[in-house]
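Structural features, examined
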Amino acid sequence: MATRPKETRMFAAAFAMDPARFPDVYGPEARARVLARAEPVEDPGAPGGVWSPERLAATPDALRDVEVLFTGWGGPVLDAAALQRMPRLALVLYAAGSVRRIATAEFWAAGIPIATAAHANAVPVAEFTVAQIVYALKDGWRNVLAARAARAPVRVGRAPGAYGATVGVLSLGETGRLVCERLRAYDLRVVAHDPYAAPPPGVRAVGLEELFATADVVSVHTPLVPETRGLVGRRLLASMKPGATLVNTARGAVLDEPALLDVLAERPDLFAVLDVTDPEPPLPGSPLFSLPNAVVTPHLAGSQALERRRLGDLVVGEFERWTLGEPLRHALERHAYERMA
């Protein structure tokens, strides 16, 4: 077990989240790093001492002395009542992506810093997306589905390949930027559209219409907020170039799904790779499972199994920096929160 650094004191800390997910996120090494700098306030009746929201509700004074809250999926909502029960709270570390569910107006008013593992959660999504982009440029899924239908090897059309093709990235949040960075390893042209962010080096900013009309693969990374619901509708989908592929690893409702189904039926040259749908999962009998130019994966892109340890490791690193008086690298500001899904 790691030893306590001489330059820090011990802080009162607690883990509070869905107990079933806790071991996946905060592995033994991460927990040992926390215990080197913190005295845990544990739930004596729970494996690992992690507090569930239900146990916290039943034990309202349990976290009265807590200064640092380690949380994640299924963590407590930080409303006025919760903050009153944690009067010494000085730091929240959220080992997941969006904090929309837990951060309230009262929390932001309290001025307590919060760090999120959104960057770490974006890594596997970006890796999955790049794999799908390269596969799409080879018409991989289209050939697999055609061969399965024919029960024989089939070569469908002439794929553009991964040299000189154009990839369009819609939105440049954590995942979109990581996708752009990873595509630098390929001989591709990358264009992007985001009204709030400048593109990274080597990526050309374009309008929404140009992105859909010129890309061989369009990859969607737009957060789902009221303004983006149904953003990708019939007009944009129908404008896609012949043989193009749409990849969506963001949220299903960013697409107008009925319009997508219509366009895919009308344009068999197009293809859709959907890791998210609206609703999710798709309704039984959805045409998405029978169309020859669509494939649905069951929300695989996000952190799975050991990949979740990356989230816990990130926020523990933030805790270590905080104890040394160093600035947080993944602190979330309210203006960024307001654009978060």
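Residues numbered from 1 in each chain as written. Predicted model: local features only at pLDDT ≥ 70, side-chain atom pairs only at ≥ 80, totals over all residues. Heavy atoms only, no water.

**Quick word on the sheet that holds strand 7 (residues 187-193)**
Reading across from one edge, 8-7-6-9-10-11-12 is the order of the seven strands in this open sheet, with parallel pairing throughout. The sheet is open, and its two edges are formed by strand 8 (204-205) and strand 12 (294-296), each paired on a single side. In the sheet, strand 10 (residues 245-248) pairs with strand 11 (residues 271-274) via four bridges, with the strands oriented parallel. Across the sheet, the residue bridging to Val-247 is Val-273, located in strand 11. (Pairing = 2+ DSSP bridges. Helix = DSSP H or I, 4+ residues; strand = E, 2+ residues; numbered from the N terminus.)

**Topic: empty space enclosed by the protein**
Scanning the entire structure with this criterion turns up three cavities of 30 Å³ or more. Along its surface, the largest cavity is lined by Ala-136, Asp-139, Gly-140, Trp-141, Arg-142, Thr-245, Phe-271 and Val-273. Elements with a minimum of two residues in the lining of the largest cavity: helix 7 (140-150) and strand 11. Considering every element that reaches the lining of the largest cavity, the biggest residue donor is helix 7, with three residues. (1 Å grid on protein atoms, 1.4 Å probe; cavity = no way out; pocket = protein on both sides within 12 Å on 5 of 7 lines; lining within 4 Å. Points joined across faces, edges and corners; volume = space filled by probe spheres on them.)

**Considerations on the packing of aromatic side chains**
Evaluated as defined, the whole model comprises 11 aromatic pairs. Pairing Phe-107 with Trp-108 gives two aromatic rings, centres 5.5 Å apart and planes at 70°, and the pair type is edge-to-face. No difference in accessibility class separates Phe-107 from Trp-108, as the two residues are buried. An aromatic cluster of three or more residues is present, and its members are Phe-11, Phe-15, Phe-22, Tyr-26, Phe-70, Phe-319 and Trp-322. (Phe/Tyr/Trp six-rings, centres within 6.5 Å; stacked < 30°, edge-to-face > 60°. Buried < 20%, exposed > 50% of the residue type's maximum accessible area, 1.4 Å probe, protein only.)

**A few points about the layout of surface pockets**
If a probe as big as a water molecule is rolled over the atoms, it shows which places are left empty. Considered as a void within the structure, the second largest pocket measures approximately 170 Å³ in volume. Contributing to the lining of the second largest pocket are 13 residues, with Leu-56, Pro-76, Val-77, Ala-82 and Arg-85 lying nearest its centre. Of all elements in the fold, only helix 3 (53-58) and helix 4 (80-85) reach the threshold of two or more residues within the lining of the second largest pocket. Among the elements that take part in the lining of the second largest pocket, helix 3 stands out by supplying three residues, more than any other. The residue makeup of the lining of the second largest pocket, split by class, is 10 nonpolar, one polar and two charged. (Nonpolar A, V, L, I, M, F, W, Y, C, P; charged D, E, K, R; others polar.)

**Topic: the nonpolar core**
Soluble, globular proteins show a tendency: their nonpolar side chains are buried together. In this structure, Tyr-26, Leu-63, Phe-70 and Phe-107 are the most contacted members of the largest nonpolar core, which totals 50 residues. Among residues more than four places away in sequence, those in contact with Phe-107 are Leu-78, Leu-83, Val-92, Ile-112 and Ile-114. Ranked by size, the runner-up nonpolar core spans 28 residues in total, among them Leu-211, Val-263, Ala-272 and Leu-288. (Core = buried A, V, L, I, M, F, W, Y, C linked by side-chain atoms within 4.5 Å. Contact = heavy atoms within 4.5 Å.)

**Concerning the confidence of the model for the protein**
For the protein, per-residue confidence averages 93 on the pLDDT scale, and 96% of positions sit at 70 or higher. Predicted confidence is poor over residues 1-6, with pLDDT under 50, and the contacts of this stretch with residues over four places away or in other chains come to nine contacts. (pLDDT = per-residue confidence, 0-100.)

**Some remarks on the pattern of salt bridges**
Summed over the entire model, instances satisfying the criterion amount to 13 salt bridges. For Arg-204, the salt bridge is made with Glu-210, and the minimal N-O distance between the two is 3.1 Å. Residue class for Glu-210 comes out partly exposed when judged on its relative accessible area of 33%. Across the salt bridge formed by Arg-235 and Glu-209, the nearest N and O atoms sit 3.6 Å from each other. Within this pair, whereas Arg-235 is found in helix 10 (residues 234-238), its partner Glu-209 is found in helix 9 (residues 208-214), the two being separated by 26 residues in sequence. Given a relative accessible area of 57%, Arg-235 falls into the exposed group. Judged by relative accessible area, which is 44%, Glu-209 ranks as partly exposed. Through salt bridges with shared partners, a single ionic network connects Arg-9, Glu-67 and Arg-88. (Salt bridge = Lys/Arg side-chain N within 4 Å of Asp/Glu carboxyl O.)

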